[in-house]
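Fold and contact review
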Amino acid sequence: MNLWDDTLFYNPKERASLAHDIDADVVVIGGGFTGLWSAYYLKSLDSTLRIVILEGERIGFGASGRNGGWCSALYPTSAGYADIRPHLIESIDEIGSFAREHAPEVGFVKSGTITIARNRAQLARIQGATEPHQTYLSKGALLGRIGVKGALGGLYTPDCAVIHPGRLVRALAQYVENSGVTIYEKSRVETIEPSLVKTKTASVRANSIIKATEVFSQNPRSHAPIYSLMVATEPLSEEIWNEIGLAHRETFSEALHLVNYGQRTIDNRLAVGGRGARYLFGSKLRAKREMEYRVHQEIIELVHKWFPALKRAKFTHRWGGAVSIPRDWHPYINWDRTSGIARAGGYSGDGVTLSHLAGKTLAHLILEKEHPITALPHVNWRNPLWEPEPLRWLGVNGSVLATDLADREEDFTRRPSLIAKTLNSFIRV
Ligand SMILES: Cc1cc2nc3c(=O)[nH]c(=O)nc-3n(C[C@H](O)[C@H](O)[C@H](O)COP(=O)(O)OP(=O)(O)OC[C@H]3O[C@@H](n4cnc5c(N)ncnc54)[C@H](O)[C@@H]3O)c2cc1C
(Lines give C-alpha, C1' and ligand atoms only; values in the text may rest on other atoms or scores of the structure.)
Protein backbone atom coordinates (compact mmCIF):
# COMPACT_ATOMS: atom_id res chain seq x y z
CA MET A 1 0.00 0.00 0.00
CA ASN A 2 0.99 3.59 -0.65
CA LEU A 3 2.75 4.90 2.50
CA TRP A 4 0.87 8.19 2.42
CA ASP A 5 -2.56 6.50 2.38
CA ASP A 6 -1.40 4.17 5.14
CA THR A 7 -0.22 6.99 7.43
CA LEU A 8 -3.17 9.38 7.24
CA PHE A 9 -4.26 8.28 10.72
CA TYR A 10 -7.88 8.94 9.83
CA ASN A 11 -10.32 7.35 7.40
CA PRO A 12 -10.38 9.49 4.27
CA LYS A 13 -13.74 11.07 3.56
CA GLU A 14 -15.83 9.38 0.86
CA ARG A 15 -18.01 11.69 -1.22
CA ALA A 16 -21.11 11.02 -3.29
CA SER A 17 -20.94 10.70 -7.07
CA LEU A 18 -22.73 13.03 -9.47
CA ALA A 19 -26.28 11.68 -9.74
CA HIS A 20 -28.25 14.56 -11.38
CA ASP A 21 -27.62 17.18 -14.06
CA ILE A 22 -26.43 20.45 -12.48
CA ASP A 23 -25.28 23.95 -13.45
CA ALA A 24 -22.11 25.67 -12.23
CA ASP A 25 -19.84 28.56 -13.17
CA VAL A 26 -16.71 26.42 -13.33
CA VAL A 27 -16.36 22.64 -13.50
CA VAL A 28 -12.98 21.12 -12.67
CA ILE A 29 -12.14 17.63 -13.93
CA GLY A 30 -9.69 15.90 -11.58
CA GLY A 31 -9.27 16.17 -7.81
CA GLY A 32 -5.47 16.36 -7.57
CA PHE A 33 -3.35 19.41 -6.68
CA THR A 34 -4.00 21.17 -10.03
CA GLY A 35 -7.78 20.91 -9.76
CA LEU A 36 -7.87 21.73 -6.04
CA TRP A 37 -5.52 24.75 -6.21
CA SER A 38 -7.55 26.03 -9.19
CA ALA A 39 -10.73 25.82 -7.09
CA TYR A 40 -8.92 27.36 -4.09
CA TYR A 41 -7.80 30.44 -6.08
CA LEU A 42 -11.07 30.83 -7.99
CA LYS A 43 -12.94 30.93 -4.68
CA SER A 44 -10.43 33.32 -3.10
CA LEU A 45 -10.79 35.70 -6.06
CA ASP A 46 -14.60 35.43 -6.25
CA SER A 47 -16.39 33.79 -3.34
CA THR A 48 -19.74 33.82 -5.18
CA LEU A 49 -18.58 31.38 -7.89
CA ARG A 50 -20.34 28.02 -8.11
CA ILE A 51 -17.50 25.51 -8.52
CA VAL A 52 -17.85 21.76 -8.98
CA ILE A 53 -14.98 19.24 -8.96
CA LEU A 54 -15.53 15.87 -10.62
CA GLU A 55 -13.00 13.23 -9.51
CA GLY A 56 -13.05 9.87 -11.31
CA GLU A 57 -11.82 7.92 -8.27
CA ARG A 58 -11.24 9.41 -4.81
CA ILE A 59 -9.40 12.61 -3.86
CA GLY A 60 -5.67 11.86 -3.91
CA PHE A 61 -5.94 8.83 -6.21
CA GLY A 62 -3.56 10.34 -8.79
CA ALA A 63 0.06 11.46 -8.53
CA SER A 64 -0.85 14.12 -5.94
CA GLY A 65 -1.52 11.38 -3.39
CA ARG A 66 1.51 9.19 -4.21
CA ASN A 67 4.51 11.41 -4.89
CA GLY A 68 7.90 11.85 -3.22
CA GLY A 69 6.80 14.92 -1.27
CA TRP A 70 9.41 17.29 -2.69
CA CYS A 71 7.86 20.74 -2.82
CA SER A 72 10.67 22.23 -4.88
CA ALA A 73 11.45 25.01 -7.33
CA LEU A 74 12.56 22.42 -9.90
CA TYR A 75 11.32 22.91 -13.44
CA PRO A 76 11.63 20.25 -16.13
CA THR A 77 13.21 22.46 -18.81
CA SER A 78 15.60 25.40 -18.78
CA ALA A 79 13.42 27.27 -21.32
CA GLY A 80 11.90 30.27 -19.51
CA TYR A 81 13.06 29.05 -16.11
CA ALA A 82 14.74 32.32 -15.05
CA ASP A 83 11.36 34.10 -15.24
CA ILE A 84 9.41 31.25 -13.66
CA ARG A 85 11.72 30.41 -10.72
CA PRO A 86 10.76 33.37 -8.45
CA HIS A 87 7.09 32.40 -8.82
CA LEU A 88 7.84 28.77 -7.95
CA ILE A 89 9.62 29.97 -4.81
CA GLU A 90 6.56 32.08 -3.96
CA SER A 91 4.38 28.99 -4.53
CA ILE A 92 6.50 26.94 -2.10
CA ASP A 93 5.98 29.64 0.53
CA GLU A 94 2.24 29.86 -0.15
CA ILE A 95 1.87 26.07 0.14
CA GLY A 96 3.82 26.40 3.40
CA SER A 97 1.47 29.12 4.71
CA PHE A 98 -1.56 26.98 3.82
CA ALA A 99 -0.07 23.93 5.52
CA ARG A 100 0.98 25.78 8.66
CA GLU A 101 -2.43 27.44 9.03
CA HIS A 102 -4.80 24.68 7.95
CA ALA A 103 -2.91 21.39 7.91
CA PRO A 104 0.06 21.17 10.31
CA GLU A 105 -0.17 17.36 9.98
CA VAL A 106 1.40 17.77 6.48
CA GLY A 107 4.71 18.39 8.29
CA PHE A 108 5.78 21.09 5.83
CA VAL A 109 9.43 21.99 6.50
CA LYS A 110 11.47 24.10 4.10
CA SER A 111 15.02 22.95 4.73
CA GLY A 112 16.27 22.69 1.18
CA THR A 113 17.59 19.77 -0.80
CA ILE A 114 21.00 18.09 -1.01
CA THR A 115 22.45 16.55 -4.18
CA ILE A 116 25.12 13.99 -3.39
CA ALA A 117 28.11 13.07 -5.56
CA ARG A 118 29.44 9.55 -5.10
CA ASN A 119 31.94 9.44 -7.96
CA ARG A 120 34.22 11.94 -9.71
CA ALA A 121 31.94 12.30 -12.73
CA GLN A 122 29.00 13.26 -10.50
CA LEU A 123 31.23 15.66 -8.55
CA ALA A 124 32.39 17.38 -11.75
CA ARG A 125 28.75 17.65 -12.85
CA ILE A 126 27.53 19.36 -9.68
CA GLN A 127 30.60 21.61 -9.45
CA GLY A 128 30.00 22.70 -13.04
CA ALA A 129 26.29 23.31 -12.48
CA THR A 130 26.41 25.30 -9.23
CA GLU A 131 24.14 28.37 -9.48
CA PRO A 132 24.55 31.52 -7.32
CA HIS A 133 21.66 30.47 -5.03
CA GLN A 134 23.26 27.06 -4.39
CA THR A 135 26.11 26.16 -2.04
CA TYR A 136 28.78 23.61 -2.84
CA LEU A 137 29.32 21.24 0.10
CA SER A 138 32.78 19.76 0.67
CA LYS A 139 32.88 16.12 1.71
CA GLY A 140 33.14 17.14 5.39
CA ALA A 141 30.27 19.64 5.16
CA LEU A 142 28.10 17.11 3.34
CA LEU A 143 28.76 14.31 5.83
CA GLY A 144 27.80 16.70 8.63
CA ARG A 145 24.30 16.80 7.11
CA ILE A 146 23.85 13.36 5.56
CA GLY A 147 25.93 10.27 6.27
CA VAL A 148 26.05 8.73 2.79
CA LYS A 149 28.66 6.03 2.21
CA GLY A 150 31.20 6.91 -0.50
CA ALA A 151 30.15 10.56 -0.73
CA LEU A 152 32.72 12.93 -2.23
CA GLY A 153 30.82 16.20 -1.96
CA GLY A 154 27.44 17.73 -2.57
CA LEU A 155 25.29 20.66 -3.51
CA TYR A 156 22.80 22.42 -1.26
CA THR A 157 19.76 24.15 -2.81
CA PRO A 158 17.62 26.10 -0.32
CA ASP A 159 14.35 26.24 -2.31
CA CYS A 160 12.73 22.94 -1.40
CA ALA A 161 10.34 21.82 1.31
CA VAL A 162 9.23 18.37 2.39
CA ILE A 163 5.56 17.36 2.76
CA HIS A 164 3.29 14.39 3.41
CA PRO A 165 1.43 14.65 0.07
CA GLY A 166 -1.49 12.41 1.04
CA ARG A 167 -2.36 14.66 3.95
CA LEU A 168 -1.94 17.86 1.92
CA VAL A 169 -4.23 16.79 -0.92
CA ARG A 170 -6.99 15.76 1.48
CA ALA A 171 -6.65 18.86 3.66
CA LEU A 172 -6.89 21.02 0.58
CA ALA A 173 -10.01 19.20 -0.59
CA GLN A 174 -11.60 19.69 2.83
CA TYR A 175 -10.64 23.38 2.82
CA VAL A 176 -12.17 24.11 -0.61
CA GLU A 177 -15.27 22.16 0.34
CA ASN A 178 -15.62 24.27 3.49
CA SER A 179 -15.34 27.36 1.29
CA GLY A 180 -18.36 26.21 -0.75
CA VAL A 181 -16.86 24.11 -3.58
CA THR A 182 -18.78 20.90 -4.31
CA ILE A 183 -16.71 17.75 -4.87
CA TYR A 184 -18.11 14.58 -6.43
CA GLU A 185 -16.03 11.40 -6.31
CA LYS A 186 -16.34 8.24 -8.44
CA SER A 187 -17.55 10.61 -11.16
CA ARG A 188 -15.44 9.93 -14.25
CA VAL A 189 -15.95 12.44 -17.03
CA GLU A 190 -16.56 10.69 -20.33
CA THR A 191 -17.15 13.56 -22.74
CA ILE A 192 -16.21 17.24 -22.80
CA GLU A 193 -17.68 19.83 -25.12
CA PRO A 194 -17.85 23.61 -24.69
CA SER A 195 -19.97 24.40 -21.59
CA LEU A 196 -20.86 20.73 -20.95
CA VAL A 197 -19.15 17.75 -19.34
CA LYS A 198 -20.82 14.37 -18.98
CA THR A 199 -20.24 11.41 -16.69
CA LYS A 200 -22.01 8.08 -17.25
CA THR A 201 -24.93 9.18 -15.08
CA ALA A 202 -25.27 12.96 -15.29
CA SER A 203 -23.79 16.19 -16.63
CA VAL A 204 -22.52 19.58 -15.48
CA ARG A 205 -23.24 22.67 -17.55
CA ALA A 206 -20.64 25.42 -16.91
CA ASN A 207 -19.14 28.27 -18.91
CA SER A 208 -15.60 27.37 -17.84
CA ILE A 209 -14.09 23.88 -17.78
CA ILE A 210 -10.70 23.01 -16.27
CA LYS A 211 -9.06 19.75 -17.35
CA ALA A 212 -6.79 18.87 -14.44
CA THR A 213 -6.17 15.19 -15.23
CA GLU A 214 -2.42 15.47 -16.05
CA VAL A 215 -1.04 11.97 -16.74
CA PHE A 216 -4.56 10.59 -17.25
CA SER A 217 -5.15 12.84 -20.27
CA GLN A 218 -6.47 10.92 -23.22
CA ASN A 219 -4.31 11.89 -26.22
CA PRO A 220 -1.51 9.27 -26.28
CA ARG A 221 0.78 11.51 -28.36
CA SER A 222 0.48 14.56 -26.10
CA HIS A 223 2.70 13.03 -23.40
CA ALA A 224 4.62 9.90 -22.43
CA PRO A 225 3.59 8.47 -19.03
CA ILE A 226 6.75 7.31 -17.24
CA TYR A 227 6.39 5.28 -14.06
CA SER A 228 8.20 6.45 -10.95
CA LEU A 229 8.31 3.92 -8.11
CA MET A 230 8.79 4.38 -4.39
CA VAL A 231 9.72 2.40 -1.28
CA ALA A 232 9.64 3.33 2.41
CA THR A 233 11.19 1.82 5.50
CA GLU A 234 9.62 1.22 8.86
CA PRO A 235 10.09 4.16 11.32
CA LEU A 236 13.83 4.13 12.05
CA SER A 237 15.46 4.32 15.47
CA GLU A 238 17.16 7.44 16.76
CA GLU A 239 20.45 5.53 16.65
CA ILE A 240 20.08 5.00 12.87
CA TRP A 241 19.02 8.61 12.32
CA ASN A 242 22.12 9.76 14.21
CA GLU A 243 24.13 7.88 11.56
CA ILE A 244 22.08 9.10 8.58
CA GLY A 245 21.60 12.71 9.70
CA LEU A 246 18.98 14.78 7.82
CA ALA A 247 18.29 16.45 11.15
CA HIS A 248 16.30 19.19 9.40
CA ARG A 249 14.45 16.82 7.05
CA GLU A 250 16.24 18.08 3.93
CA THR A 251 15.21 16.17 0.81
CA PHE A 252 18.08 14.51 -1.05
CA SER A 253 19.12 12.69 -4.20
CA GLU A 254 22.27 11.25 -5.77
CA ALA A 255 23.55 13.08 -8.87
CA LEU A 256 22.80 10.05 -11.05
CA HIS A 257 21.40 10.47 -14.54
CA LEU A 258 18.42 8.26 -13.62
CA VAL A 259 16.02 10.31 -11.46
CA ASN A 260 16.02 9.38 -7.74
CA TYR A 261 14.66 11.27 -4.72
CA GLY A 262 14.44 10.75 -0.97
CA GLN A 263 12.93 12.27 2.14
CA ARG A 264 12.89 11.68 5.90
CA THR A 265 9.19 11.41 6.60
CA ILE A 266 7.31 13.13 9.39
CA ASP A 267 7.16 9.76 11.20
CA ASN A 268 10.91 9.13 10.77
CA ARG A 269 10.93 6.66 7.92
CA LEU A 270 13.09 6.94 4.85
CA ALA A 271 11.00 7.20 1.66
CA VAL A 272 12.90 6.92 -1.63
CA GLY A 273 11.75 6.88 -5.24
CA GLY A 274 13.26 6.41 -8.64
CA ARG A 275 12.58 5.88 -12.31
CA GLY A 276 13.75 2.99 -14.48
CA ALA A 277 10.43 1.26 -15.20
CA ARG A 278 9.73 0.58 -18.88
CA TYR A 279 7.37 2.82 -20.83
CA LEU A 280 4.26 0.99 -22.11
CA PHE A 281 3.42 0.88 -25.81
CA GLY A 282 0.77 3.45 -26.80
CA SER A 283 1.30 5.61 -23.64
CA LYS A 284 -0.83 3.12 -21.68
CA LEU A 285 -1.27 3.23 -17.90
CA ARG A 286 -1.28 -0.13 -16.09
CA ALA A 287 -1.58 -0.52 -12.31
CA LYS A 288 0.80 -3.51 -12.33
CA ARG A 289 3.64 -1.22 -13.53
CA GLU A 290 3.37 0.57 -10.15
CA MET A 291 4.55 -2.61 -8.44
CA GLU A 292 7.42 -3.66 -10.73
CA TYR A 293 9.54 -5.84 -8.43
CA ARG A 294 12.81 -5.22 -10.31
CA VAL A 295 12.55 -1.43 -9.97
CA HIS A 296 11.61 -1.53 -6.28
CA GLN A 297 14.58 -3.86 -5.63
CA GLU A 298 16.94 -1.54 -7.52
CA ILE A 299 15.79 1.38 -5.36
CA ILE A 300 16.32 -0.69 -2.20
CA GLU A 301 19.84 -1.64 -3.41
CA LEU A 302 20.60 2.04 -3.96
CA VAL A 303 19.41 2.83 -0.42
CA HIS A 304 21.65 0.04 0.93
CA LYS A 305 24.63 1.54 -0.94
CA TRP A 306 23.93 4.95 0.59
CA PHE A 307 23.14 3.76 4.11
CA PRO A 308 24.48 0.22 4.80
CA ALA A 309 22.89 0.38 8.29
CA LEU A 310 19.51 0.07 6.55
CA LYS A 311 20.30 -3.53 5.50
CA ARG A 312 18.86 -4.34 8.93
CA ALA A 313 15.73 -2.22 8.41
CA LYS A 314 12.40 -3.41 7.01
CA PHE A 315 10.97 -1.86 3.85
CA THR A 316 7.28 -1.77 4.71
CA HIS A 317 5.80 0.04 1.70
CA ARG A 318 6.19 -0.16 -2.09
CA TRP A 319 4.12 1.80 -4.57
CA GLY A 320 4.33 3.96 -7.66
CA GLY A 321 2.58 6.13 -10.20
CA ALA A 322 3.15 7.73 -13.56
CA VAL A 323 4.48 11.17 -14.39
CA SER A 324 3.48 13.02 -17.55
CA ILE A 325 6.29 13.92 -19.95
CA PRO A 326 5.55 16.13 -22.97
CA ARG A 327 7.81 15.76 -26.03
CA ASP A 328 9.61 19.05 -25.28
CA TRP A 329 9.48 18.62 -21.45
CA HIS A 330 7.62 21.93 -21.26
CA PRO A 331 4.74 22.30 -18.76
CA TYR A 332 1.60 23.95 -20.14
CA ILE A 333 -1.06 26.15 -18.47
CA ASN A 334 -3.55 26.85 -21.23
CA TRP A 335 -6.81 28.79 -21.35
CA ASP A 336 -8.94 29.07 -24.46
CA ARG A 337 -11.50 31.79 -23.87
CA THR A 338 -13.45 30.89 -27.02
CA SER A 339 -14.19 27.30 -25.99
CA GLY A 340 -14.06 28.05 -22.26
CA ILE A 341 -11.69 25.10 -21.76
CA ALA A 342 -8.51 25.30 -19.65
CA ARG A 343 -5.86 22.63 -19.07
CA ALA A 344 -2.62 22.36 -17.15
CA GLY A 345 0.01 19.66 -16.74
CA GLY A 346 3.12 18.18 -18.33
CA TYR A 347 5.00 18.72 -15.06
CA SER A 348 7.36 15.75 -15.74
CA GLY A 349 7.64 14.75 -12.09
CA ASP A 350 8.00 18.31 -10.72
CA GLY A 351 4.29 18.94 -10.18
CA VAL A 352 3.90 19.47 -6.42
CA THR A 353 4.81 23.17 -6.61
CA LEU A 354 4.03 23.65 -10.30
CA SER A 355 0.43 22.50 -9.84
CA HIS A 356 -0.02 25.29 -7.26
CA LEU A 357 1.34 27.86 -9.71
CA ALA A 358 -0.86 26.35 -12.45
CA GLY A 359 -4.05 26.51 -10.36
CA LYS A 360 -3.35 30.09 -9.31
CA THR A 361 -2.56 31.06 -12.92
CA LEU A 362 -5.71 29.43 -14.33
CA ALA A 363 -7.89 31.20 -11.75
CA HIS A 364 -6.44 34.58 -12.75
CA LEU A 365 -6.75 33.83 -16.48
CA ILE A 366 -10.36 32.63 -16.24
CA LEU A 367 -11.47 35.58 -14.09
CA GLU A 368 -9.41 38.03 -16.20
CA LYS A 369 -7.50 39.28 -13.16
CA GLU A 370 -4.16 40.86 -13.90
CA HIS A 371 -1.12 39.15 -12.41
CA PRO A 372 2.46 38.73 -13.67
CA ILE A 373 2.07 34.91 -13.59
CA THR A 374 -0.44 35.06 -16.47
CA ALA A 375 2.36 36.22 -18.79
CA LEU A 376 4.91 33.50 -17.93
CA PRO A 377 6.34 31.44 -20.82
CA HIS A 378 4.35 28.26 -20.01
CA VAL A 379 1.00 30.07 -20.38
CA ASN A 380 -0.75 28.96 -23.56
CA TRP A 381 2.28 26.86 -24.47
CA ARG A 382 1.85 24.52 -27.45
CA ASN A 383 3.75 21.27 -26.98
CA PRO A 384 4.79 19.30 -30.05
CA LEU A 385 3.33 15.79 -30.28
CA TRP A 386 5.35 12.69 -29.54
CA GLU A 387 6.31 10.47 -32.47
CA PRO A 388 3.76 7.78 -33.41
CA GLU A 389 4.35 4.20 -32.24
CA PRO A 390 6.54 2.17 -32.47
CA LEU A 391 9.02 5.07 -32.67
CA ARG A 392 7.86 6.47 -29.31
CA TRP A 393 8.25 3.09 -27.59
CA LEU A 394 11.71 2.58 -29.07
CA GLY A 395 12.85 6.13 -28.27
CA VAL A 396 11.57 6.32 -24.68
CA ASN A 397 12.63 2.83 -23.65
CA GLY A 398 15.98 3.26 -25.41
CA SER A 399 16.50 6.39 -23.33
CA VAL A 400 15.52 4.67 -20.05
CA LEU A 401 18.07 1.93 -20.77
CA ALA A 402 20.77 4.36 -21.90
CA THR A 403 20.28 6.54 -18.80
CA ASP A 404 20.88 3.53 -16.57
CA LEU A 405 23.92 2.52 -18.66
CA ALA A 406 25.30 6.07 -18.40
CA ASP A 407 25.29 5.79 -14.59
CA ARG A 408 27.03 2.41 -14.74
CA GLU A 409 29.59 3.84 -17.16
CA GLU A 410 30.35 6.73 -14.74
CA ASP A 411 30.57 4.34 -11.80
CA PHE A 412 33.14 2.32 -13.74
CA THR A 413 35.21 5.00 -15.53
CA ARG A 414 34.69 7.86 -12.96
CA ARG A 415 34.51 10.17 -15.99
CA PRO A 416 31.45 12.03 -17.38
CA SER A 417 29.46 9.54 -19.42
CA LEU A 418 29.75 9.61 -23.20
CA ILE A 419 26.38 7.86 -23.42
CA ALA A 420 24.75 10.68 -21.42
CA LYS A 421 26.38 13.31 -23.63
CA THR A 422 24.85 11.71 -26.72
CA LEU A 423 21.53 11.13 -24.93
CA ASN A 424 21.14 14.72 -23.73
CA SER A 425 20.88 15.96 -27.26
CA PHE A 426 18.00 13.51 -27.86
CA ILE A 427 15.80 12.96 -24.80
CA ARG A 428 16.16 12.33 -21.07
CA VAL A 429 13.83 10.35 -18.81
C1 LIG B 1 5.74 8.29 -7.65
C2 LIG B 1 5.70 9.77 -7.96
C3 LIG B 1 6.58 10.61 -7.31
C4 LIG B 1 6.53 11.99 -7.56
N5 LIG B 1 7.32 12.81 -6.80
C6 LIG B 1 7.20 14.16 -6.94
C7 LIG B 1 7.89 15.01 -6.05
O8 LIG B 1 8.54 14.57 -5.08
N9 LIG B 1 7.80 16.35 -6.27
C10 LIG B 1 7.07 16.88 -7.31
O11 LIG B 1 7.06 18.09 -7.49
N12 LIG B 1 6.34 16.06 -8.12
C13 LIG B 1 6.37 14.73 -7.95
N14 LIG B 1 5.61 13.91 -8.72
C15 LIG B 1 4.69 14.52 -9.71
C16 LIG B 1 3.48 15.16 -9.04
O17 LIG B 1 2.97 14.31 -8.05
C18 LIG B 1 2.40 15.44 -10.10
O19 LIG B 1 2.96 16.19 -11.16
C20 LIG B 1 1.23 16.23 -9.55
O21 LIG B 1 0.75 15.65 -8.36
C22 LIG B 1 0.12 16.28 -10.59
O23 LIG B 1 -1.04 16.81 -9.99
P24 LIG B 1 -2.38 16.87 -10.83
O25 LIG B 1 -3.44 17.36 -9.94
O26 LIG B 1 -2.13 17.62 -12.10
O27 LIG B 1 -2.66 15.36 -11.28
P28 LIG B 1 -3.16 14.13 -10.37
O29 LIG B 1 -2.73 14.25 -8.98
O30 LIG B 1 -2.74 12.90 -11.12
O31 LIG B 1 -4.73 14.28 -10.40
C32 LIG B 1 -5.49 14.02 -11.54
C33 LIG B 1 -6.81 13.43 -11.06
O34 LIG B 1 -7.71 13.35 -12.18
C35 LIG B 1 -8.52 12.23 -12.00
N36 LIG B 1 -9.07 11.89 -13.31
C37 LIG B 1 -8.43 11.37 -14.38
N38 LIG B 1 -9.27 11.22 -15.44
C39 LIG B 1 -10.49 11.67 -15.01
C40 LIG B 1 -11.76 11.80 -15.62
N41 LIG B 1 -11.96 11.44 -16.88
N42 LIG B 1 -12.79 12.29 -14.90
C43 LIG B 1 -12.61 12.69 -13.60
N44 LIG B 1 -11.40 12.59 -12.97
C45 LIG B 1 -10.37 12.10 -13.67
C46 LIG B 1 -7.57 11.19 -11.43
O47 LIG B 1 -8.28 10.16 -10.77
C48 LIG B 1 -6.70 12.02 -10.52
O49 LIG B 1 -7.12 12.01 -9.18
C50 LIG B 1 5.63 12.52 -8.52
C51 LIG B 1 4.76 11.67 -9.19
C52 LIG B 1 4.78 10.31 -8.92
C53 LIG B 1 3.83 9.41 -9.64
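Residues numbered from 1 in each chain as written. Predicted model: local features only at pLDDT ≥ 70, side-chain atom pairs only at ≥ 80, totals over all residues.

This part covers the overall build of the chain. For the chain, the helix and strand inventory stands at 11 helices and 18 strands. For the chain, the C-alpha radius of gyration of 21 Å lies close to 22 Å, the compact-globule estimate for 429 residues. Its C-alpha atoms give the chain principal-axis dimensions of about 60 × 45 × 40 Å. Within the span of the chain, comprising 429 residues, buried residues form 49% of the whole. (Helix = DSSP H or I, 4+ residues; strand = E, 2+ residues; numbered from the N terminus. Rg over C-alpha atoms; globule rule 2.2 N^0.38 Å. Buried ≥ 20, exposed ≤ 12 C-beta atoms within 10 Å, placed from the backbone.)

An ideal rise of 1.5 Å per residue puts 32 Å on 22 residues; helix H3 (residues 81-102) measures up with 30 Å between its terminal C-alpha atoms. Taken residue by residue, H3 has Ile-84, Leu-88, Ser-91, Ile-92, Ile-95 and Ala-99 as its buried positions. All buried residues of H3 project into a common sector of 105° when viewed along the axis, lining one side. Among the exposed residues of H3, those pointing more than 90 degrees away from its buried face are Ala-82, Pro-86, Ser-97, Arg-100 and Glu-101. Where H3 is buried, its residues contact strand S3 (70-72), strand S7 (160-162), helix H6 (165-178) and helix H9 (351-366). (Expected span 1.5 Å × (residues − 1). Arc of directions from axis to C-beta. Contact = placed C-beta atoms within 7 Å.)

Right, let's talk about the nonpolar core for a bit. Side chains of a nonpolar character, in soluble globular proteins, are inclined to be buried together. Grouped together as the largest cluster of nonpolar side chains are 67 residues, with contacts concentrated most on Val-26, Val-27, Val-28, Leu-36, Ala-39, Leu-54 and Leu-362. Looking at this core, the element that brings in the most residues is H9, giving eight residues. Residues contacting Leu-54, with those up to four places away along its chain left out, are Leu-18, Val-27, Ile-29, Tyr-184, Ser-187, Val-189, Val-197, Thr-199 and Val-204. Residues Ala-117, Leu-137, Val-295 and Val-400 belong to the second largest nonpolar core, which totals 46 residues. (Core = buried A, V, L, I, M, F, W, Y, C linked by C-beta atoms within 7 Å.)

A few words now on the packing of H3 against H9. One way to put it is that H3 packs onto H9 with a least axis distance of 9 Å and a crossing angle of 95°. Relative to H9, the element H3 lies roughly perpendicular. Packed against H3, whose contacting residues are His-87, Leu-88, Ser-91, Ile-92, Glu-94 and Ile-95, the element H9 presents Thr-353, His-356 and Leu-357 at the interface. Among the residues forming the contact of H3 with H9, the class breakdown is four nonpolar, four polar and one charged. (Axes fitted to C-alpha atoms, helices over the stretch in contact; angles between N-to-C directions. Parallel < 35°, antiparallel > 145°, perpendicular 65-115°, else oblique. Nonpolar A, V, L, I, M, F, W, Y, C, P; charged D, E, K, R; others polar.)

Frequently, the measure chosen for interface size is the accessible area that the parts lose on association. Split by domain assignment, the chain resolves into domain 1 (3-70 + 165-221 + 328-375) and domain 2 (113-157 + 224-325). Measuring from the centre of the C-alpha atoms in domain 1 to the corresponding centre in domain 2 gives 29 Å. Listed as interface residues are 17 residues of domain 1 and, on the opposing side, 21 residues of domain 2. Looking at the side of domain 1 that touches domain 2, its residues break down into seven nonpolar, seven polar and three charged. (Domains from an automatic or database assignment.)

Glancing now at the packing of helix H2 (residues 33-45) against H6. Relative orientation of the contacting elements H2 and H6 amounts to 30°, with a least axis distance of 10 Å. Helix-helix and strand crossings are classified by hand; for H2 and H6 the assignment is left-handed. Contacts between H2 and H6 involve Phe-33, Leu-36, Ala-39, Tyr-40 and Lys-43 from the first element and Val-169, Leu-172, Ala-173 and Val-176 from the second. The residue inventory of the contact of H2 with H6, partitioned by class, reads eight nonpolar, no polar and one charged. (Left-handed = near helix turned anticlockwise from the far one by under 90°.)

Next up on the list: the environment of Ala-271. Following the sequence through the fold, Ala-271 ends up in strand S15 (residues 270-274). When the 22 C-beta atoms within 10 Å are taken as the criterion, Ala-271 is described as buried. Separated by 203 residues in sequence, Ala-271 and Gly-68 place their C-alpha atoms 7.4 Å apart. Once residues lying within four places of it in the same chain are set aside, the contact partners of Ala-271 are Leu-3, Gly-68, Met-230, Ala-232, Gly-262, Gln-263 and Thr-265.

Our next topic: unusual backbone geometry. The linkage connecting Glu-389 with the following residue, Pro-390, adopts the cis geometry, with an omega of 5°. Considering the arrangement of structural elements, one finds Pro-390 in the loop between H9 and helix H10 (391-413). Here Phe-9, not a glycine, exhibits a phi torsion of approximately 65°, which is positive. Take Phe-9: there are 8 C-beta atoms within 10 Å of it, and that puts it in the exposed class. One non-glycine residue, Trp-329, lies in the positive phi region at around 60°. Owing to 19 C-beta atoms within 10 Å, Trp-329 belongs among the partly exposed residues under this scheme.

We now examine the environment of Phe-412. Relative to the helices and strands, Phe-412 is located in helix H10. Residues Phe-412 and Asn-119 lie 293 residues apart in sequence; the distance between their C-alpha atoms is 9.3 Å.

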